[in-house]
Amino acid sequence: MTEDPYVIHRSLLFTVAYEMLGSAADAEDVLQESWLRWADVDRSQVRDPRAYLVRIVTRQALNRLRTVARSRVDYVGEWLPEPLLTSPDVAEDVELAESVSIALLTVLETLGPTERAVFVLREVFDMPYGEIAEAVGKSAVAVRQIARRAREHVAARQPRMRVSRSEQQSVVEQFLAALRTGQVQDLMEVLAPDVVLIADGGGVASAALAPVHGAETVAALLARQDRTVSTVWLNGAPAGRVEADGQLAAVSVVVEDGRVTRIHAVANPQKLTRLDELAELAR
């Protein structure tokens, strides 16, 4: 059983599904559906099990993505990806860490289902256009065009520049220290003037229903002292685990020019069930 290609490539398959869906729960459902289909396949006719399995998962993830896209329209407040607890080792693979970052997954939410699938398979997993075409049911020529549009769309919405791992970690630690003190001035020192806070409470936990803009407003909103803040690694980057009044939140940030420019805070308890279990991700 352990030699089955599905088992061997499960971490890869989960990563593909998760990056397409932004939800570990949905990704697990897709893997279950894909396993059932794989179990019925005549293995003697499969030349490349890895590519074949990725195609199965992609098709199932596309089906799921089209379904959940409708439900997310009615989501209460802002919708953010489900954060995953990862080991610091994930950050060693820079491309993997960037591809599963909350910031990028949030941008991918603005793509259509097929565009998102093409972007993930091409830009993250470097699949040939022909294989992607088979997975998404398009011609290779169409896939090339979709990939270009998706790449331009994502590039226009990503941070202006990448920061080093050491700078990211330093600014995150400064930000979390400011959260611990709960002092407005401490927060103002680490927040960019045009910082944006996006919170996801899902209508279940207390959270801002729309993005909050500006350092003064964000700092005032975050200023409080009766909470516990710890450093964790989420989605391949240092982040915060914040507990206050019995409510848990996972907080990740985007850093540019030594300041926090964007804060993603997930408080919806349905999205925080995996914060004590390391996710196995692979490319």
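Residues numbered from 1 in each chain as written. Predicted model: local features only at pLDDT ≥ 70, side-chain atom pairs only at ≥ 80, totals over all residues. Heavy atoms only, no water.

## Some words on the packing of aromatic side chains
By convention here, two paired aromatic rings are described through the distance between centres and the angle between planes. Heads up, the rule is: Only rings of Phe, Tyr and Trp enter the pairing, Trp through its six-membered ring, and a pair is recorded when the two centres are within 6.5 Å. The plane angle decides the type: under 30 degrees is stacked, over 60 is edge-to-face, the rest tilted. Only DSSP runs of H or I reaching four residues or more are called helices, and only runs of E reaching two or more are called strands; each is numbered from the N terminus. Using a 1.4 Å probe on the protein chains alone, a residue whose accessible area is under 20% of its type maximum counts as buried, one over 50% counts as exposed, and one in between counts as partly exposed.
For the structure on display, the rule yields three aromatic pairs. Ring geometry for Tyr6 against Trp35: centres 5.0 Å apart, planes inclined by 55°, an arrangement best described as tilted. Of this pair, Tyr6 sits in helix 1 (residues 5–8) while Trp35 is found in helix 3 (residues 24–39), placing the two residues 29 residues apart along the sequence. A centroid spacing of 5.9 Å and a plane angle of 55° characterise the contact between Trp38 and Tyr52, whose relative ring orientation is tilted. Highlighted residues: Trp38 in helix 3 and Tyr52 in helix 4 (residues 49–73), separated in sequence by 14 residues. According to the relative accessible area criterion, Trp38 is buried, its value standing at 1%.

## Focus: the packing of helix 7 (residues 113–124) against helix 9 (residues 140–155)
Note the threshold: Interaxial angles span 0 to 180 degrees and are taken between N-to-C directions of axes, which are lines fitted to C-alpha atoms, for helices over the stretch in contact. What sets the label is the angle itself: under 35 degrees gives roughly parallel, over 145 gives roughly antiparallel, 65 to 115 gives roughly perpendicular, and the rest give oblique. We call two residues contacting when some pair of their heavy atoms lies within 4.5 Å. Each residue is assigned to one of three groups, with Ala, Val, Leu, Ile, Met, Phe, Trp, Tyr, Cys and Pro labelled nonpolar, Asp, Glu, Lys and Arg labelled charged, and all others, Gly among them, labelled polar.
At a minimum axis separation of 9 Å, helix 7 and helix 9 run at an interaxial angle of 90°. The orientation of helix 7 with respect to helix 9, classified from their angle, is roughly perpendicular. In this structure, helix 7 uses Thr114, Glu115, Val118, Phe119 and Glu123 to contact helix 9, whose residues at the interface are Val143, Ile146, Ala147, Arg149, Ala150, Arg151 and Val154. Its residues assigned to classes, the contact of helix 7 with helix 9 shows seven nonpolar, one polar and four charged.

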